[in-house]
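One letter stands for each residue in the lines below.
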Amino acid sequence: MNDRSPPEEFADVNEAVGEEWEAETTPYERIRHVVSHTYSPVSADAVADDARTAPKTARKHLNTLADEGFIETTPGEQGGTLYRRSPESLVVEQAADILEHVSTDELVTRIQEMREQLIEYRSEFGVDSPEELAVNQTNQALSETGSQDEIDPETIREWKTLRRNLAFANAALSIGNAEQFVDSDRRSTDDSVPA
């Protein structure tokens, strides 16, 4: 048998990694990282703890991130402010990722395919949304049999996912078109300035 204990340097790997993260990043970067994965409202103290910084520093950077639109604030039960990632910043992040990996022409084609699939869902089920489908199927099952029939959760999930992906793709296309407009406007302005 081996009676040796693990070396001290491995005693708390998480602490070592945390110290390295703290040494290699600024408090702002750590706070932004923590909040970028925060979808439920949390206090500045909780963010400060996870970001390895003081609550006062966390509040300062959280307020900056709120001003930038990266996070949103809500009042807490005890009157304090709670913070979470804003849905808008998620859309912009997803759109940027799409633009990085998909050409504008391919994006237009995919958007058209997704729109056609949404039309097929609406036509097949006779409702405008997956939520309406779930409600209608539940109401119909209860009125006919007195018990709830099984709703196809996969169809509802696919429909919701399709709708979300279409929203991200439309946002990406809008951002891409805006970037092209700004670039062409900048080139025309640059061309009109004498050298």
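Our subject is the structure that appears above.
Scope of this entry: the structure provided in the associated data block. (Residues numbered from 1 in each chain as written. Predicted model: local features only at pLDDT ≥ 70, side-chain atom pairs only at ≥ 80, totals over all residues. Heavy atoms only, no water.)

## Things to note about the overall build of the chain
Assigned secondary structure in the chain consists of 8 helices and 3 strands. Listing each helix as α and each strand as β along the chain from the N terminus yields α-α-β-α-α-β-β-α-α-α-α. Taken across its 195 residues, the chain has 25% of its residues classed as buried. Within the chain, counting contacts between residues at least 6 apart in sequence, those at least 24 apart form 59% of the total. Accessible surface, the chain as shown: approximately 13500 Å² in total, 49% of it carbon and sulfur. (Helix = DSSP H or I, 4+ residues; strand = E, 2+ residues; numbered from the N terminus. Buried < 20%, exposed > 50% of the residue type's maximum accessible area, 1.4 Å probe, protein only. Contact = heavy atoms within 4.5 Å. Areas by Shrake-Rupley, 256 points an atom, 1.4 Å probe, with all protein chains shown as cover.)

## With respect to the nonpolar core
In terms of nonpolar packing, the biggest core is built from 19 residues, with Ile98, Leu107, Ile111, Met114 and Trp159 touching the most fellow members. Elements represented by at least two residues in this core include exactly helix H5 (87-101), helix H6 (104-125) and helix H8 (153-192). Among the nonpolar cores identified, the runner-up in size contains 13 residues, and Val47, Ala51, Phe70 and Tyr83 belong to it. (Core = buried A, V, L, I, M, F, W, Y, C linked by side-chain atoms within 4.5 Å.)

## A closer look at the packing of helix H2 (residues 27-36) against helix H3 (residues 44-51)
Contact geometry for H2 and H3: axes closest at 9 Å, N-to-C directions at 115°. Here H2 is positioned roughly perpendicular relative to H3, judged by the angle of their axes. Seen along the crossing, H2 lies across H3 with a hand that is right-handed. Contacts between H2 and H3 involve Arg30, Ile31, Val34 and Val35 on the former and, on the latter, Val47, Asp50 and Ala51. Residues belonging to the contact of H2 with H3 are distributed by class as follows: 5 nonpolar, no polar and 2 charged. (Axes fitted to C-alpha atoms, helices over the stretch in contact; angles between N-to-C directions. Parallel < 35°, antiparallel > 145°, perpendicular 65-115°, else oblique. Left-handed = near helix turned anticlockwise from the far one by under 90°. Nonpolar A, V, L, I, M, F, W, Y, C, P; charged D, E, K, R; others polar.)

## Brief notes about the environment of alanine 172
By the element assignment, alanine 172 lies in helix H8. Along the backbone, alanine 172 and leucine 99 are 73 residues apart, and their C-alpha atoms lie at a distance of 6.1 Å. In contact with alanine 172, not counting residues within four places along its chain, are Ala95, Ile98, Leu99 and Leu107.

## Quick notes on unusual backbone geometry
Even without a glycine there, the phi angle at arginine 52 is positive, about 55°. Looking at the element boundaries, arginine 52 is found in the loop between H3 and helix H4 (55-68).

## A look at a negative patch on the surface
The grouping of Glu113, Glu116, Glu120 and Glu124 at the surface amounts to a negative patch. Along the chain, glutamate 124 falls in helix H6. For glutamate 124, a relative accessible area of 58% gives the class exposed. (Patch = residues over 30% accessible without salt bridge, like charges linked within 9 Å, V, L, I, M, F, W, Y side chains within 5 Å. Salt bridge = Lys/Arg side-chain N within 4 Å of Asp/Glu carboxyl O. Lys, Arg positive; Asp, Glu negative; His and termini not counted. Charge placed at Lys NZ, Arg CZ, Asp CG, Glu CD.)

## Thoughts on the pattern of salt bridges
Counted according to the given criterion, the structure contains 8 salt bridges. Among the ionic pairs, glutamate 154 bridges to arginine 157, the shortest N-O distance being 2.4 Å. With a gap of 3 residues between them, glutamate 154 and arginine 157 both fall in helix H8, about one helical turn apart. The exposure class of glutamate 154 is partly exposed, given its relative accessible area of 35%.

## Here we look at the packing of H2 against H4
Contact pair H2 / H4: the axes reach a minimum separation of 10 Å and the direction vectors enclose 65°. With respect to the hand of their crossing, H2 and H4 are arranged in right-handed fashion. Contacts from Pro27, Tyr28, Ile31, Arg32 and Val35 of H2 reach H4 at Thr57, Ala58, His61, Leu62, Thr64, Leu65 and Glu68. Class assignment of the residues belonging to the contact of H2 with H4 gives a composition of 7 nonpolar, 3 polar and 2 charged.

## Notes on the pairing of strand E3 (residues 81-85)
With 2 bridges joining them, strand E1 (residues 42-43) and E3 adopt antiparallel strand pairing. In the strand pairing of E3, valine 42 is matched with tyrosine 83. Bridge count between strand E2 (residues 71-75) and E3: 5 bridges; the pairing is antiparallel. Note that in E3 the partner of threonine 74 across the bridge is leucine 82. (Pairing = 2+ DSSP bridges.)

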